[in-house]
Amino acid sequence: MTLAYMDPYDASRAEYVGHRAIVLGGSMAGLCGARVLRDFFDEVVVIERERLPTGPEVRGGAPQTSQPHSMLEAGRVTLNDLFPGFGEAVQADGGLKLDMSDDVVWYDRGGVAAETDADLPALYASRPLFEHVVRERIREFDDITIRDECNFVTYEHNADENRITGVRFRDEDGVTTTLDAAITVDATGRTSRTPTWLERHGYPVPDTERVSVDVTYSTVRITRPAGVQQGVLIAPEPRRPRGAAMLPIEGGRWEVLLQGLHGERAPVDPESFVDWADALPLNDIATHLREQEWVSGIQRYPFPASIRRRYHTLSEFPDGLAVTGDAVASFNPVYGQGMSVAALDALALHHQLSDGAEGLGPRLFRQVSAVVDEAWKTSVTGDFMFEQTDGPKPFGTDLLNNYADRLVTKAHNDGTLTEAFLRVFRLERPATSLLRPRILWRVLRPRLGTARNQPTQ
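A.B. asks: Can you help me understand the overall build of the chain in this one?
C.D. replies: Within the chain, the regular secondary structure consists of 12 helices and 19 strands. Relative to its length of 457 residues, the chain is compact, with a C-alpha radius of gyration of 22 Å against a globular reference of 23 Å. Dimensions of the chain along its principal axes, counting C-alpha atoms only, are 70 × 45 × 40 Å. Put simply, the chain has 457 residues, and 58% of those count as buried. Taking as baseline every contact in the chain between residues at least 6 positions apart, the subset at least 24 positions apart corresponds to 73%. In the structure as shown, the chain presents an accessible area of about 18500 Å², 46% of it carried by carbon and sulfur atoms. Charged side chains of the chain number 49 positive and 66 negative; the gap between the two group centres comes to 5 Å.

Next up, the structure:
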């Protein structure tokens, strides 16, 4: 399920549920969930184990926040609904609103995608800035309390009623504390302990899909000349398991990322970093690395595998508990889906709570599964271009990859195909939209001549 097939946020649908809700985790998923919950509860408490910064700083427990980020359309629209003025606030703090076709050079399958006349806006900023803007909006609400430097211990459980009634945690002073809640939402990410808790208490445990990509990312920040806003994306390919991105962020800077898959280790020293950039099929990144000032050290982040926990298949689940964000599914971050999926998960939470609190978890998991399906298709299908990728391969993956290969290659000279692909990439439209007759014809019609939109070295 994508943005096109989800009803928008509607505060008028919210009806009172109870006194308190708890969110475990102060990530984007947790904060968006807290924003939704405040419509239904007197009080929402966010419990976060790390100290949350007061400014746009990298969170200690989230090393991926040092990697380049853009806000895809699904996330941009949803966050603007949940936090009116979100996009303007990001731009006021130095973020950029750019067109994904006109302002970003996208290189894939041996060429550069043709520009399109369609309006394809996206927000570009550092992940810490995106999170900071959301945190500041959350802190404006008197009925949401963020308690950081607190460690979740376990759920409080009424076995007779099959219900989670709150949580036990170690507070800011290290004192074990119990807090009651009508609803508890687990947004603790990939390291979520909910599956272990379920098993220990006799509940079925969700099957977990793991698709190993063995990716490493290295990122550095460099200065960006005044008035220059262009970004560059270079997708890895089987014959070249290295990718790169150079995206504009606040403060007159670019974030430059180098990506290596399946044994290709992204570099951590400056000389190797530039050497890697020199070997890329476009010379823009290497040129700017040499000409601009480096304003940070190199940060490397490993990502071994995409993970999906199939909560929607469970036959039994305790009332009063829900799971969201990376605790359900986390994807290869090169596709930039995490924040947008988190926002759509929160939108699903809004819709399901609007239909009542009883049986919330299973209903939410079914809707979130439809959201995850679309992101999973994009990321995992792309990862299976590489023979070394290991894990359960979705049905039809090879056929889809062959079709995508032809589509993207044709997009070097066809802006209509660029638009169609980017609207799927942005989680705006479903992947099935690429099979519409007018797109099928453009993809499958015989090739005439040679590609005109090739890069120059």
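A.B. asks: Help me understand the sheet that holds strand S14 (residues 231-234), please; the structure alone is not making it clear to me.
C.D. replies: The pairing of strands in a sheet comes from backbone hydrogen bonds and takes either a parallel or an antiparallel form. Spatial ordering of the open sheet is given by S6-S5-S14-S15-S16-S13-S17-S19, a layout of 8 strands whose pairing is mixed. Strand pairing shows two members of the sheet lacking a second neighbour, strand S6 (111-112) and strand S19 (329-330), which therefore form its edges. Looking at chain direction, strand S13 (residues 208-223) and strand S16 (residues 253-261) are connected through 9 bridges and run antiparallel. The partner of Tyr217 across the bridge, within S16, is Gln259. Each of S13, strand S17 (299-309) and S19 is contacted by helix H9 (residues 360-383), which is oriented at about 125° to S17, the strand it contacts most.

A.B. asks: Explain a negative patch on the surface here, please?
C.D. replies: A grouping of Asp102, Glu115, Asp117 and Asp119 is seen on the molecular surface, where their side chains present a negatively charged patch. Looking at the secondary structure, you find Asp119 in the loop between S6 and strand S7 (121-126). Residue class for Asp119 comes out exposed when judged on its relative accessible area of 59%.

A.B. asks: Can you help me understand unusual backbone geometry in this one?
C.D. replies: Backbone geometry follows two general trends: most residues other than glycine have a negative phi, and most peptide bonds adopt the trans configuration. If you check the backbone angles, Asn162 has positive phi at about 55° while not being a glycine. In this structure, Asn162 sits in the loop between strand S9 (151-158) and strand S10 (163-170).

A.B. asks: How should the packing of helix H10 (residues 397-410) against helix H12 (residues 437-444) be read in this particular structure?
C.D. replies: Axis angle and axis distance: for two packed helices, these are the angle between their axes and the distance between the axes, and together they describe the pair. Taken N-terminus to C-terminus, the directions of H10 and H12 make an angle of 80°; their axes are 9 Å apart at the nearest point. Between H10 and H12, the crossing angle belongs to the class labelled roughly perpendicular. Contact with H10, carried on its side by Tyr403, Arg406, Leu407 and Lys410, involves Ile439, Leu440, Arg442, Val443 and Leu444 of H12 and no other residues of that element. When its residues are assigned to classes, the contact of H10 with H12 shows 6 nonpolar, no polar and 3 charged.

A.B. asks: What exactly am I supposed to notice about the sheet that holds S7 here?
C.D. replies: Ordered by their spatial adjacency, 3 strands build an open sheet running S3-S7-S4, and the pairing between neighbours is antiparallel. On the outer flanks of this sheet lie strand S3 (68-71) and strand S4 (96-99), each paired with one strand and no other. Ignoring strand direction, the axes of neighbouring strands in this sheet form an average angle of 40°. Bridge count between S4 and S7: 4 bridges; the pairing is antiparallel. Across the sheet, the residue bridging to Leu96 is Tyr124, located in S7. Most of the contacts of helix H4 (residues 127-139) go to S7, to which it runs at about 100°, and overall it touches S3 and S7.

A.B. asks: Would you mind going over the packing of aromatic side chains with me for this structure?
C.D. replies: Two numbers describe a pair of aromatic rings. These are the distance of the centres and the angle of the planes. Within the structure shown, the criterion is met by 11 aromatic pairs. In textbook terms, an aromatic cluster arises when at least three aromatic residues are bridged by ring pairs, as seen for Phe152, Tyr155, Trp197 and Tyr203. In this structure, Arg242 is placed above the aromatic ring of Trp276, and the distance from its NZ or CZ to the ring centre is 3.7 Å.

A.B. asks: What am I meant to see in H10 here?
C.D. replies: Taking 1.5 Å as the rise per residue, H10 with 14 residues should run 20 Å; its terminal C-alpha atoms sit 20 Å apart, in good agreement. Thr397, Asn401, Tyr403, Leu407, Val408 and Lys410 are the residues of H10 that are buried. Turning to H10, the residues buried within the fold contact strand S5 (104-108), H9, helix H11 (415-425) and H12.

A.B. asks: Help me understand the side chain of Thr397 in this model?
C.D. replies: Locating Thr397 in the fold gives a position in helix H10. If near-sequence neighbours (up to four positions away) are discounted, Thr397 is found in contact with Thr381 and Phe384.

A.B. asks: I tried to follow the environment of His19 on my own but got confused; where do I start?
C.D. replies: Residue placement: His19 occurs in strand S1 (residues 18-24). We classify His19 as partly exposed; its relative accessible area is 43%. Each C-alpha atom, one on His19 and one on Ala286, is 56 Å from the other, the two residues being 267 residues apart in sequence. Excluding anything up to four places from it in sequence, His19 contacts Phe41, Asp42 and Glu43.

A.B. asks: Help me understand the nonpolar core in this model?
C.D. replies: In summary, soluble globular proteins display a tendency toward joint burial of nonpolar side chains. In this structure, Leu37, Phe83, Phe86 and Phe130 are the most contacted members of the largest nonpolar core, which totals 85 residues. At 10 residues, the largest contribution of residues to this core is made by helix H8 (residues 338-354). For Leu37, the contacting residues outside a window of four places in its chain are Ala21, Val23, Val44, Ile183, Val185, Leu349 and Leu353.

A.B. asks: Help me understand helix H1 (residues 28-37) in this model?
C.D. replies: Every α-helical turn comprises 3.6 residues, leaving residues that sit three or four positions apart pointing alike. Within H1, 10 of the 10 residues are buried, leaving the element largely enclosed by the surrounding structure. Listed in full, the buried residues belonging to H1 are Met28, Ala29, Gly30, Leu31, Cys32, Gly33, Ala34, Arg35, Val36 and Leu37.

A.B. asks: What is the right way to look at the pairing of S14 in this model?
C.D. replies: Every regular strand shows the same layout, with side chains that alternate between the two sheet faces. Note that S5 and S14 share 4 bridges and pair parallel. Bridging from a neighbouring strand, Val104 pairs with Gly231 of S14. In terms of strand pairing, S14 meets strand S15 (residues 242-249) through 3 bridges, oriented antiparallel. Pairing of Ile234 across the sheet is with Ala244, part of S15.

A.B. asks: When you look at the packing of H8 against H9 in this model, what are you seeing that I'm missing?
C.D. replies: Contact geometry of H8 with H9 gives a least axis separation of 9 Å together with a crossing angle of 150°. Handedness of the H8/H9 crossing: right-handed. Contact residues: H8 offers Val341, Leu344, Asp345, Ala348, Leu349, His351, Gln352 and Leu353, while H9 offers Leu360, Arg363, Leu364, Gln367, Val368, Val371 and Ala375. Partitioning the contact of H8 with H9 into residue classes produces 10 nonpolar, 3 polar and 2 charged.

Criteria and cut-off values
Residues numbered from 1 in each chain as written. Predicted model: local features only at pLDDT ≥ 70, side-chain atom pairs only at ≥ 80, totals over all residues. Heavy atoms only, no water. Helix = DSSP H or I, 4+ residues; strand = E, 2+ residues; numbered from the N terminus. Rg over C-alpha atoms; globule rule 2.2 N^0.38 Å. Buried < 20%, exposed > 50% of the residue type's maximum accessible area, 1.4 Å probe, protein only. Contact = heavy atoms within 4.5 Å. Areas by Shrake-Rupley, 256 points an atom, 1.4 Å probe, with all protein chains shown as cover. Lys, Arg positive; Asp, Glu negative; His and termini not counted. Charge placed at Lys NZ, Arg CZ, Asp CG, Glu CD. Pairing = 2+ DSSP bridges. Axes fitted to C-alpha atoms, helices over the stretch in contact; angles between N-to-C directions. Patch = residues over 30% accessible without salt bridge, like charges linked within 9 Å, V, L, I, M, F, W, Y side chains within 5 Å. Salt bridge = Lys/Arg side-chain N within 4 Å of Asp/Glu carboxyl O. Parallel < 35°, antiparallel > 145°, perpendicular 65-115°, else oblique. Nonpolar A, V, L, I, M, F, W, Y, C, P; charged D, E, K, R; others polar. Phe/Tyr/Trp six-rings, centres within 6.5 Å; stacked < 30°, edge-to-face > 60°. Lys NZ or Arg CZ within 6 Å of the ring centre and 35° of its normal. Expected span 1.5 Å × (residues − 1). Core = buried A, V, L, I, M, F, W, Y, C linked by side-chain atoms within 4.5 Å. Left-handed = near helix turned anticlockwise from the far one by under 90°.

Purely spatial values, then, with no claim about function.
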